[in-house]
Amino acid sequence: MSLVLVSIGSNIERDHHVRVCLDALEATFGELTLSSVYESEPVGFVDGRNFYNLVAGFHSDWSVGELQAWCKQVEFANGRLEGSPKFSPRTLDIDILTVGELTGEIDGVLLPREEVDRNAFVLLPLAEAFAEQRHPVRGVDYASLWQSFVEHGHAESQPLWPVEFSWRCRRISRTGVAP
């Protein structure tokens, strides 16, 4: 069983779609480790609707291809349009970040996902929920990668803030927590 880390994002009916995604993940893979939910401005998008983003981790023995097909099926079942432009609003975006220590292109998926250490909306949730987990290529833990990101001024250009968010009577995140 490998630890699978996925990024979840939504900027259309955000609360609803994040909860639906978490329900589907738990029903399929069991216990989840979750970061807080963060609101962020869209990166590269013309439409200015802000996103909710978080990271979820779970254990699975599925292949990368099976995981990717499952993610796409859940996205499409929740209103994501196949073939929609890359930087367009979306009901749900589920991206595989890492699968254990796998690296390289596997089943058409590049692992680890490139934006793991480039985008605050991925790296901060990873640093929060998986602080001691190491990036499979860089060999540096996510807490240290986030610290370096902040020290180099990248966090200032990609603001995000925690939002009040509960799922299944469990508080996932709260406001007033400084990234």
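This text gives an overview of the structure that appears in the document.

Here is what the cut-offs are and how they apply
Residues numbered from 1 in each chain as written. Predicted model: local features only at pLDDT ≥ 70, side-chain atom pairs only at ≥ 80, totals over all residues. Heavy atoms only, no water. Helix = DSSP H or I, 4+ residues; strand = E, 2+ residues; numbered from the N terminus. Contact = heavy atoms within 4.5 Å. Areas by Shrake-Rupley, 256 points an atom, 1.4 Å probe, with all protein chains shown as cover. Lys, Arg positive; Asp, Glu negative; His and termini not counted. Charge placed at Lys NZ, Arg CZ, Asp CG, Glu CD. Buried < 20%, exposed > 50% of the residue type's maximum accessible area, 1.4 Å probe, protein only. Pairing = 2+ DSSP bridges. Salt bridge = Lys/Arg side-chain N within 4 Å of Asp/Glu carboxyl O.

**Concerning the overall build of the chain**
Part 1 of the argument: Tallying secondary structure elements over the chain gives four helices and 10 strands in all.
Part 2 of the argument: When the helices and strands of the chain are placed in sequence order, the string is β-α-β-β-β-α-β-β-β-α-α-β-β-β.
Part 3 of the argument: The long-range share in the chain, meaning contacts at least 24 apart out of those at least 6 apart in sequence, stands at 64%.
Part 4 of the argument: Only carbon and sulfur atoms are counted for the fraction: they give 48% of the accessible area of the chain, which is about 8,800 Å².
Part 5 of the argument: The centroid of the 15 positive side-chain charges in the chain is displaced by 4 Å from the centroid of its 26 negative side-chain charges.

**Digging into the pairing of strand S4 (residues 51-60)**
Part 1 of the argument: Among the 10 residues in S4, nine count as buried, and that is most of the element.
Part 2 of the argument: Here strand S3 (residues 38-40) pairs with S4 via three bridges, running antiparallel. Along S4, the bridge assignment pairs Ser40 with Phe51.

**Digging into unusual backbone geometry**
Part 1 of the argument: Here the residue pair Leu111 and Pro112 is connected by a cis peptide bond, since its omega of -10° sits within 30 degrees of zero.
Part 2 of the argument: Of note, Pro112 is situated in the loop between strand S7 (109-111) and helix H3 (120-129).
Part 3 of the argument: Positive phi values are uncommon outside glycine, yet Arg168 reaches one of about 50°.
Part 4 of the argument: Considering the arrangement of structural elements, one finds Arg168 in the loop between strand S9 (165-167) and strand S10 (170-173).
Part 5 of the argument: Here Cys169, not a glycine, exhibits a phi torsion of approximately 65°, which is positive.
Part 6 of the argument: You can call Cys169 exposed: its relative accessible area is 88%.

**Examining the pattern of salt bridges**
Part 1 of the argument: Counted by the stated rule, this structure contains 11 salt bridges.
Part 2 of the argument: With a closest N to O distance of 3.1 Å, Asp23 and Arg168 form a salt bridge. A residue pair is termed long-range when its members are at least 10 positions apart, and Asp23 in helix H1 (residues 14-29) and Arg168 in the loop between S9 and S10 qualify at 145 residues.
Part 3 of the argument: For the salt bridge of Arg171 with Glu164, the shortest nitrogen-to-oxygen distance reads 3.3 Å.
Part 4 of the argument: Where salt bridges share partners, they join Asp23, Glu26 and Arg168 into one cluster.

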